[in-house]
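The chain contents come next:
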Amino acid sequence: MTGMWFEELTVGTTVEHATRRTVTETDNVLFTTMTMNPAPLHLDADYASRTEFGRPLVNSMFTAALVVGLSVPELTLGTIVAQLGLSEVTFPAPVFTGDTIKVTTEIVEARASRSRPNAGLVVFEHRATNQRDELVCLARRTGLMLRRPTPTKEDR
């Protein structure tokens, strides 16, 4: 377990995630085809060469999934009950094959769960940039996070 407990996820806490990831053509083609997206903008280099981008764009849903995944080790690994939603997801700049994505997360909301005394709700704001420090994804994610367990006699 390397994630943070609800009590550690206070509003204003910011984490620069250690792991970065360079997006490959294989990532884009596999994700796009596995999700049944036939858009030539992602899969057809000739078609994409005639667009304003000049080359295939990485599927934005892959970008969003990568952004969340890069945040898991420091924030939610072993401490999340469930992801409850994504909101306000934007892609201010395109992602291309060969771009290296890095993520910073800020805790923007946190409150105790009304129905689960062992958990709380946390809103994470993920900001992803490429190797040129261009913002490529901004997303808010709500997670139901475990509270730190109370030690038992056996733990002491």
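Basis of the calculations
Residues numbered from 1 in each chain as written. Predicted model: local features only at pLDDT ≥ 70, side-chain atom pairs only at ≥ 80, totals over all residues. Heavy atoms only, no water. Salt bridge = Lys/Arg side-chain N within 4 Å of Asp/Glu carboxyl O. Helix = DSSP H or I, 4+ residues; strand = E, 2+ residues; numbered from the N terminus. Phe/Tyr/Trp six-rings, centres within 6.5 Å; stacked < 30°, edge-to-face > 60°. Buried < 20%, exposed > 50% of the residue type's maximum accessible area, 1.4 Å probe, protein only. Lys NZ or Arg CZ within 6 Å of the ring centre and 35° of its normal. Core = buried A, V, L, I, M, F, W, Y, C linked by side-chain atoms within 4.5 Å. Contact = heavy atoms within 4.5 Å. Arc of directions from axis to C-beta.

Peer 1: Any details on the pattern of salt bridges? Residues and values, ideally.
Peer 2: Applying the stated criterion to the full structure yields 10 salt bridges. Between Arg148 and Glu8 there is a salt bridge; the shortest N-O distance is 3.3 Å. Taken together, the positions of Arg148 in the segment after strand E6 (135–146) and Glu8 in the segment before strand E1 (14–16) put the pair 140 residues apart, joining distant regions of the chain. Connected through shared salt-bridge partners, Glu106, Glu125, Arg127 and Arg140 make up one network.

Peer 1: Help me get a handle on the packing of aromatic side chains, residues and values and all.
Peer 2: A complete count under the given rule lists 1 aromatic pair for this structure. A ring pair is formed by Phe31 and Phe62, whose centres lie 5.7 Å apart and whose planes are at 70°; its orientation type is edge-to-face. With Phe31 in helix H1 (residues 25–34) and Phe62 in helix H4 (residues 60–75), the pair connects residues that are 31 residues apart, well separated along the chain. Here the two residues Phe31 and Phe62 agree in accessibility, since each one is buried. The side chain of Arg55 reaches across the aromatic face of Phe96, ending 3.7 Å from its centre.

Peer 1: So, the nonpolar core: which residues are in play, and what are the values?
Peer 2: One finds Val23, Ile101 and Ala128 to be the most contacted residues of the largest nonpolar core, which totals 15 residues. At the level of elements, H4, strand E4 (100–112) and E6 are the ones that each hand at least two residues to this core. A total of 4 residues in this core trace back to one element, the largest contributor, which is H4. Ignoring anything within four residues of it in the chain, the contact list for Ile101 reads Arg20, Arg21, Val23, Leu66, Leu70, Val95, Ala128, Thr129, Asn130 and Val136. If you look at the next biggest cluster of nonpolar residues, it comprises 9 residues, including Leu9, Ile107, Phe124 and Met145.

Peer 1: Tell me what's going on with H1, and back it up with residues and numbers.
Peer 2: For H1, the full list of buried residues reads Asp27, Asn28, Phe31 and Thr32. All buried residues of H1 fall inside an arc of 110° around its axis, so they share one side. For H1, the exposed residues set more than 90 degrees away from the buried face come down to Glu25, Thr26 and Met34. On its buried side, H1 packs onto strand E2 (21–22), helix H2 (40–43) and H4. Of the residues trailing H1, Met36 is marked for its positive phi of about 65°.

It is worth stressing that arrangement in space is one thing and function is another; only the former is reported here.
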